[in-house]
Amino acid sequence: MTGGRDGQVELRDIEIFLALAEELHFGRTAERLRVSQARVSQSIKQQERRIGAALFERTSRSVRLTPLGERLRDRLAAGYGEIMAALDEAAAAARGQVGTLTIGTLGPHHPGIAAVLDLFRQRHPQCELRIREILPTDPFSGLRAGRIDIGLLWLPIREPDLAVGPDVYSEELVLTVAADHPLASRVQVAMEDLGDYPVVYPEGPIPEYVWEAHTPSVTPAGRPIRRGVPVSTLEEALTAIGGGSAVSPVGLYSVASRLRQDLTFVPITDGPILRYAPVWRSASETPLVRAFVQAARDARTPGQPTRSRGQDLGTGGDREGARR
């Protein structure tokens, strides 16, 4: 079948043939495809000349497929459907609607990005979202290795190969100490108190400036905050803290999922507030990545749901509840 130059088949001629094979009426076919009836007749005649046989039987009253036309219709219909599906899929992918997007989070932070995930899924139902955990001590390796497309990481991020999107949520830190630690009986503490005890520190490739936003190296008065036990994971940190080897600020999302009998969580009056944003490789920005960042921009909130420092931690009048 041809209607194009140099004997090449054009998709439009295939479309005309299949439409006429379904409508069996030149006028309806022309109306359906929004072309002239003469264009339909010309295309069919060109196809029949190339093949060397009639594809339709025409009378003044009816149009019918010949046996050859029926066989050609059956073969072309399947191929045409595959072609159109491929084109539709490519167009959808260009709009960021299909494929797989892997999101990395720092442990139990799903509540912080739930609104973003919901909005993205509503906009792009054909895209599969996969959630993977990022170790706080190694925030960038998964991104750079391509295992993660977007990481939700606390700021600041000053890496030349990584791009940073809008703030999505924020998180308070509370001081985590052993249940029998001298600070466990306090209603609240200040960052200056960290100068009196060793703190856990990350054993991993996390840059110093990133960790400094979480646990500063000095108190507000300038006293050094001593490094105690090196840890690679949050579980290692909590185990060390529970054993009395060190203390550490810990985010509220992690606290909520890891209440333990050997730990107490004490509000920090002047503690850091971590701000989280999507981070991705600049050289690997895809339509899906852009679509997720746009969803983050549209769904973002100023911070986490309102809560006072120490709420739900058993502080104040319920010290027993804090030792969970």
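Throughout, residues of each chain are indexed from 1 in the direction in which the sequence is written. Since the coordinates come from a predicted model, pLDDT governs what is reported: local features require at least 70, and pairs of side-chain atoms require 80 or more to be given and counted, while whole-chain, interface and lining totals use all residues. Values shown for side chains rest on all heavy atoms present in the structure; no hydrogens or waters enter the calculation.

Draft legend 1. Quick look at unusual backbone geometry. With an omega dihedral of 10°, the bond running from leucine 155 to proline 156 counts as a cis peptide bond. Mapped onto the secondary structure, proline 156 falls in the loop between strand 5 (150-154) and strand 6 (162-164). One non-glycine residue, leucine 24, adopts positive backbone phi at about 55°. With a phi close to 60°, arginine 34 is a non-glycine residue in the positive phi region. Numbering of helices and strands runs from the N terminus; a helix is a DSSP stretch of H or I covering at least four residues, while a strand is a stretch of E covering at least two.

Draft legend 2. Focus on the nonpolar core. Ranked by size, the top nonpolar core spans 43 residues in total, and within it Leu101, Phe120, Ile150, Leu153, Trp154, Ile157 and Phe292 carry the most contacts. Per-element tally for this core: the top contributor is helix 10 (residues 287-299), with eight residues. Contact criterion: two residues are considered in contact whenever any of their non-hydrogen atoms come within 4.5 Å of each other. If near-sequence neighbours (up to four positions away) are discounted, phenylalanine 120 is found in contact with Leu101, Cys127, Leu129, Leu288, Ala291, Phe292 and Ala295. Listed in part, the 19 residues of the second largest apolar core include Ile16, Leu18, Ala19 and Val40. Definition used in this section: a nonpolar core is a set of buried Ala, Val, Leu, Ile, Met, Phe, Trp, Tyr and Cys residues joined via side-chain atoms within 4.5 Å. Here the term buried applies to any residue with accessible area under 20% of the maximum for its type, exposed to any over 50%, and partly exposed to those in between, with areas from a 1.4 Å probe on protein chains only.

Draft legend 3. Region of the structure containing the confidence of the model for the protein. Scored by pLDDT, the protein comes out at a mean of 86, with 87% of its residues at no less than 70. Residue-level confidence of the predictor, termed pLDDT, takes values from 0 up to 100. The low-confidence segment residues 1-6, where pLDDT is below 50, has 23 contacts with residues more than four positions distant or belonging to other chains. Predicted confidence is poor over residues 301-324, with pLDDT under 50, and the contacts of this stretch with residues over four places away or in other chains come to 58 contacts.

Draft legend 4. Region of the structure containing a nonpolar patch on the surface. Patch membership is restricted to residues that have no salt bridge and whose relative accessible area is over 30%. Joining uses 9 Å for like charges and 5 Å for the nonpolar side chains Val, Leu, Ile, Met, Phe, Trp and Tyr. Every accessible area reported is derived by Shrake-Rupley at a probe size of 1.4 Å, with residue values counting cover from the shown protein chains alone. What counts as a salt bridge is simple: a side-chain nitrogen of Lys or Arg found within 4 Å of a carboxyl oxygen of Asp or Glu. On the surface, Leu11, Ile83 and Leu87 cluster together into a nonpolar patch covering about 240 Å² of accessible area. Its location among the elements puts leucine 11 in helix 1 (residues 11-23).

Draft legend 5. Structural detail: the pattern of salt bridges. Following the criterion strictly, the structure yields 20 salt bridges and no others. With a shortest N-O distance of 2.5 Å, arginine 12 and glutamate 15 are connected by a salt bridge. Here glutamate 15 and arginine 12 lie together in helix 1, a separation of three residues that amounts to about one turn. Residue classification places glutamate 15 among the partly exposed residues on the basis of a relative accessible area of 23%. We note a salt bridge from glutamate 22 to arginine 32, for which the minimum N-O separation is 3.3 Å. Note that glutamate 22 is positioned in helix 1 and arginine 32 in helix 2 (residues 26-33), a separation of ten residues in sequence. Given a relative accessible area of 57%, glutamate 22 falls into the exposed group. Overall, arginine 32 belongs to the partly exposed group, its relative accessible area being 41%. By sharing partners, the salt bridges in this structure join Glu22, Glu23, Arg28 and Arg32 into a single network.

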